[in-house]
Amino acid sequence: MQGRIALVTGAASGIGRATAKLLGVRGARVVIADVNAEALGKVRKDIDRVTRAGCIAIPFDAGDAASCRQLVAETIAATGRLDVLCNIAGIMDWGPLDTFDDARWERMLRINLSGVFHMCRAAMPHLVESKGTIVNMSSAAGLVGIPYTTAYCAAKAGVNALTKSLAVEFAAAGVRVNAICPTGVKTAMHGSVALPDGVDMALVMRNAPKLGDLCEPEDIAEAVAFLASDAARKITGIALPVDAGQTAG
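Structure report, in brief. Remember, predicted model here, so these are calculated numbers, not experimental data.

### Looking at the overall build of the protein chain
Move 1: Helix and strand counts for the protein chain come out as eight helices and seven strands.
Move 2: When the backbone C-alpha atoms are referred to their principal axes, the protein chain occupies close to 50 × 40 × 35 Å.
Move 3: Buried positions account for 52% of the 249 residues belonging to the protein chain.
Move 4: By sequence separation, contacts in the protein chain at least 24 residues apart represent 75% of the contacts at least 6 residues apart.
Move 5: Carbon and sulfur atoms form 54% of the exposed surface of the protein chain, whose accessible area is close to 11,200 Å².
Move 6: If the 25 positive side-chain charges of the protein chain are averaged to one point and the 24 negative ones to another, these points end up 8 Å apart.

Structure (structure tokens):
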């Protein structure tokens with residue numbers, strides 16, 4: 001990653017923070033973005049302590065198209081180029097179908113799917129110029145049906161389809177586009193979302209990870225770094241499970 005410019009959204013915590021730090025340690029100059037400006041500032045200081053390339057922090061809202069465009073514009077203004085885009089910003093929400101109202105549905109798709117689209121569209125001209133790469137954060141929920149997560153499953157399946165479509169459209173331009181599909185990860189987001197009362201736990205546990213415990217953020221960051229690197233130069237259009245066997249059967 002030496003000398004490359006990597007833009008990581010959702011970088012104030014969890015997978016985004018672990019990814020930004022790992023890319024920085026491996027030589028990239030990292031631009032980090034998140035809606036939580038205060039936490040983002042702390043992450044920037046942490047990355048600056050362990051890297052030489054430096055880190056730029058830009059607050060943004062993944063659910064706002066104009067904010068996505070502005071983030072890419074500020075990144076180019078500050079660095080002059082873009083080599084890697086990691087779309088990691090996202091939210092999670094559980095709920096039975098009959099209790100999941102329109103506002104929750106629309107917010108889930110706006111942040112988890114439309115935000116990825118807006119970031120990819122804004123960044124693509126610069127990635128074509130650099131022959132760069134995109135890594136989108138999907139989920140095992142985008143590959144198999146997870147009960148009580150209708151909107152989340154729909155959004156993440158959409159991310160997988162968006163990833164494959166862009167991979168085909170921009171392969172000739174030298175841009176690779178991939179997605180990662182994690183199982184549950186030990187993050188603040190995962191810990192803050194509780195299952196609703198009265199759910200059928202037998203349905204939920206049908207898709208439990210086969211290797212036991214949840215993943216660490218660093219497990220997912222390693223996969224992001226691989227797909228963003230030249231080691232994956234012949235890989236595009238995949239939705240890679242890093243799921244402790246959750247989707248294996």
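Still more ground to cover, so stick around.
### Concerning the sheet that holds strand 3 (residues 55-59)
Move 1: Pairing within the open sheet is parallel, and its seven strands lie in the order 3-2-1-4-5-6-7. The open sheet has two free edges, formed respectively by strand 3 and strand 7 (239-242), since each of these has just one partner strand. Within the sheet, the average angular offset between the axes of one strand and its neighbour, ignoring direction, is 20 degrees.
Move 2: By the bridge criterion, four bridges tie strand 6 (residues 176-182) to strand 7 in an arrangement that is parallel. Note that in strand 7 the partner of I180 across the bridge is L240.
Move 3: The strands touched by helix 4 (residues 102-130) within the sheet are strand 1 (5-9), strand 4 (84-87) and strand 5 (133-137), with strand 4 carrying the most contacts at an inclination of about 175 degrees.
Move 4: Most of the contacts of helix 8 (residues 217-228) go to strand 6, to which it runs at about 165 degrees, and overall it touches strand 4, strand 5, strand 6 and strand 7.

### So, the pattern of salt bridges
Move 1: The full count for this structure, using the stated rule, is eight salt bridges.
Move 2: We note a salt bridge from R4 to D230, for which the minimum N-O separation is 2.7 Å. Note that R4 is positioned in the segment before strand 1 and D230 in the loop between helix 8 and strand 7, a separation of 226 residues in sequence.
Move 3: For R4, a relative accessible area of 22% corresponds to the partly exposed category.
Move 4: With relative accessibility at 46%, the residue D230 sits in the partly exposed group.
Move 5: We note a salt bridge from D46 to R49, for which the minimum N-O separation is 3.4 Å.

### A short note on the pairing of strand 6
Move 1: Counting buried residues in strand 6 gives seven out of seven residues, a clear majority hidden from the surface.
Move 2: Burial along strand 6 is two-sided: R176, N178, I180 and P182 and V177, A179 and C181, pointing in opposite directions, are all buried.
Move 3: In this sheet, strand 6 lies alongside strand 5 in parallel orientation, the contact comprising five bridges. Residue pairing for strand 6: T133 is matched across the bridge by R176.
Move 4: In this fold, the crossover linking strand 5 to strand 6 by way of helix 5 (residues 150-170) has right-handed handedness.

### A closer look at empty space enclosed by the protein
Move 1: Evaluated as defined, the whole model comprises one cavity of 30 Å³ or more.
Move 2: Here the largest cavity defines a volume of roughly 40 Å³.
Move 3: Forming the walls of the largest cavity are T9, F60, A62, N87, I88, A89, I111, G115, V116 and M119.
Move 4: Of all the elements, helix 4 adds the most residues to the lining of the largest cavity, at four residues.

### Some points on the layout of surface pockets
Move 1: Here the second largest pocket defines a volume of roughly 210 Å³.
Move 2: In terms of lining residues, the second largest pocket is bounded by 15 residues, among which R17, A18, K21, P217 and E218 are the most central.
Move 3: Counting only elements with at least two residues in the lining of the second largest pocket, the list comes to helix 1 (14-25) and helix 8.
Move 4: Looking at which element gives the most residues to the lining of the second largest pocket, the answer is helix 1, with six residues.
Move 5: Among the residues making up the lining of the second largest pocket, the classes are represented as six nonpolar, three polar and six charged.

Cut-offs applied
Residues numbered from 1 in each chain as written. Predicted model: local features only at pLDDT ≥ 70, side-chain atom pairs only at ≥ 80, totals over all residues. Heavy atoms only, no water. Helix = DSSP H or I, 4+ residues; strand = E, 2+ residues; numbered from the N terminus. Buried < 20%, exposed > 50% of the residue type's maximum accessible area, 1.4 Å probe, protein only. Contact = heavy atoms within 4.5 Å. Areas by Shrake-Rupley, 256 points an atom, 1.4 Å probe, with all protein chains shown as cover. Lys, Arg positive; Asp, Glu negative; His and termini not counted. Charge placed at Lys NZ, Arg CZ, Asp CG, Glu CD. Pairing = 2+ DSSP bridges. Axes fitted to C-alpha atoms, helices over the stretch in contact; angles between N-to-C directions. Salt bridge = Lys/Arg side-chain N within 4 Å of Asp/Glu carboxyl O. Right-handed = clockwise from strand over helix to strand, strands pointing away. 1 Å grid on protein atoms, 1.4 Å probe; cavity = no way out; pocket = protein on both sides within 12 Å on 5 of 7 lines; lining within 4 Å. Points joined across faces, edges and corners; volume = space filled by probe spheres on them. Nonpolar A, V, L, I, M, F, W, Y, C, P; charged D, E, K, R; others polar.

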